[in-house]
Amino acid sequence: MKPDHGSALSEGGSTADGADGVNGTSAPLGSKGGAPTLADGPAEPMIVAVDGPGGSGKSTVARELARRLGLRYLDTGAMYRAVTQLALERRIDIEDPQAVAELAERAVLTIGTDPDRPSIAVDGVSVDAEIRTRAVTNAVSAIAAVPAVRALLVAQQRQVIAATRPDGIVVEGRDIGSVVAPDAQIKVFLTASTEVRALRRSRQLGEKGVDDVARTLAELDRRDALDSSRAADPLAIPEGAIVLDSTALSVPEVVDEVLRRCGQSSNVAT
């Protein structure tokens, strides 16, 4: 049975040092007057915002940054994918903003923020594998363009961030440094050539053929256009962000460069 108070967020996992206060906390999605904000509380968590288009390497880089800095990790894209997967499963018209918004309000997302074991569940059911399919990837931009959905999920994302005090979190997505956490201490925008991004995405899908990569390339071009031109929180380089082209860089090289530019040692212990 769905809770009658609307969607809720459960921030799973423990804090990086095992402190209490994060494990199992939940808050109603879209509730008024009571949701934590980034300004609440005595301690401000370290927030690292990692933005960029699909295939730029931001997920892998963000998780490694979280490990190196001893922080939590949040993949905001997984949240939009979870709503998308639910819409496809229930045969909701993804081009109907009202139907999609109502679905998002009813869904209960549970987010795990351990960078070694990030997870997401919808209504108590894990969807970690289901949200990575080509069908979800090709439909998620339509879901993410619905302003009501973005408002709901941004509120959830800010609740997760607030719950990581006093440690902090690395958050990745397409509007983190510009919308979700504009006051993040570190902002990174990753990019890469479309060809390399298509190759990376095809490998993630287990595809190796030339035709598969060509199809992925076309899909990335389409999604880039949709994400960059949507009216609500479009993909853009946040003000003050470190911009890195990962085309010819390995993950350790990207992470080292981010830490170097931030004045951190490249061997920061977790």
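Draft legend 1. Expanded view of the layout of surface pockets. Here the largest pocket defines a volume of roughly 900 Å³. If you go around the largest pocket, you meet 46 residues; those closest to its centre are Ser59, Asp75, Arg132, Glu172 and Gln204. The element best represented in the lining of the largest pocket is helix 2 (residues 76-89), accounting for six residues. Partitioning the lining of the largest pocket into residue classes produces 17 nonpolar, 15 polar and 14 charged.

Draft legend 2. View of the confidence of the model for the protein. When the pLDDT values of the protein are averaged, the result is 79; 79% of them are 70 or greater. Of the regions scoring below 50 in pLDDT, residues 1-42 engages in 88 contacts with residues more than four places distant in sequence or in other chains. Segment residues 265-270: pLDDT under 50, and 11 contacts once partners within four positions in sequence are set aside and those in other chains are kept.

Draft legend 3. How the structure looks around a negative patch on the surface. On the surface, a cluster of negative charge is made up of Asp93, Glu95, Asp96, Glu102 and Glu105. Mapped onto the secondary structure, Asp93 falls in the loop between helix 2 and helix 3 (97-106).

Draft legend 4. Structural detail: the pairing of strand 5 (residues 109-112). Taken together, the four bridges between strand 5 and strand 6 (residues 119-122) define a ladder with antiparallel strand orientation. Note that in strand 6 the partner of Ile111 across the bridge is Ile120. Connecting strand 5 to the antiparallel partner strand 6 that follows it, the hairpin turn spans six residues.

Draft legend 5. Here's a closer look at the nonpolar core. One finds Ile120 and Val149 to be the most contacted residues of the largest nonpolar core, which totals 38 residues. In terms of residues, this core owes the most to one element, helix 2, which gives seven residues. Once residues lying within four places of it in the same chain are set aside, the contact partners of Val149 are Tyr80, Val100, Ala101, Ala104 and Ile143. Of all hydrophobic cores here, the second largest spans 18 residues; its members include Ile186, Leu190, Leu244 and Val258.

Here is what the cut-offs are and how they apply
- Residues numbered from 1 in each chain as written.
- Predicted model: local features only at pLDDT ≥ 70, side-chain atom pairs only at ≥ 80, totals over all residues.
- Heavy atoms only, no water.
- 1 Å grid on protein atoms, 1.4 Å probe; cavity = no way out; pocket = protein on both sides within 12 Å on 5 of 7 lines; lining within 4 Å.
- Points joined across faces, edges and corners; volume = space filled by probe spheres on them.
- Helix = DSSP H or I, 4+ residues; strand = E, 2+ residues; numbered from the N terminus.
- Nonpolar A, V, L, I, M, F, W, Y, C, P; charged D, E, K, R; others polar.
- pLDDT = per-residue confidence, 0-100.
- Contact = heavy atoms within 4.5 Å.
- Patch = residues over 30% accessible without salt bridge, like charges linked within 9 Å, V, L, I, M, F, W, Y side chains within 5 Å.
- Areas by Shrake-Rupley, 256 points an atom, 1.4 Å probe, with all protein chains shown as cover.
- Salt bridge = Lys/Arg side-chain N within 4 Å of Asp/Glu carboxyl O.
- Lys, Arg positive; Asp, Glu negative; His and termini not counted.
- Charge placed at Lys NZ, Arg CZ, Asp CG, Glu CD.
- Pairing = 2+ DSSP bridges.
- Core = buried A, V, L, I, M, F, W, Y, C linked by side-chain atoms within 4.5 Å.
- Buried < 20%, exposed > 50% of the residue type's maximum accessible area, 1.4 Å probe, protein only.

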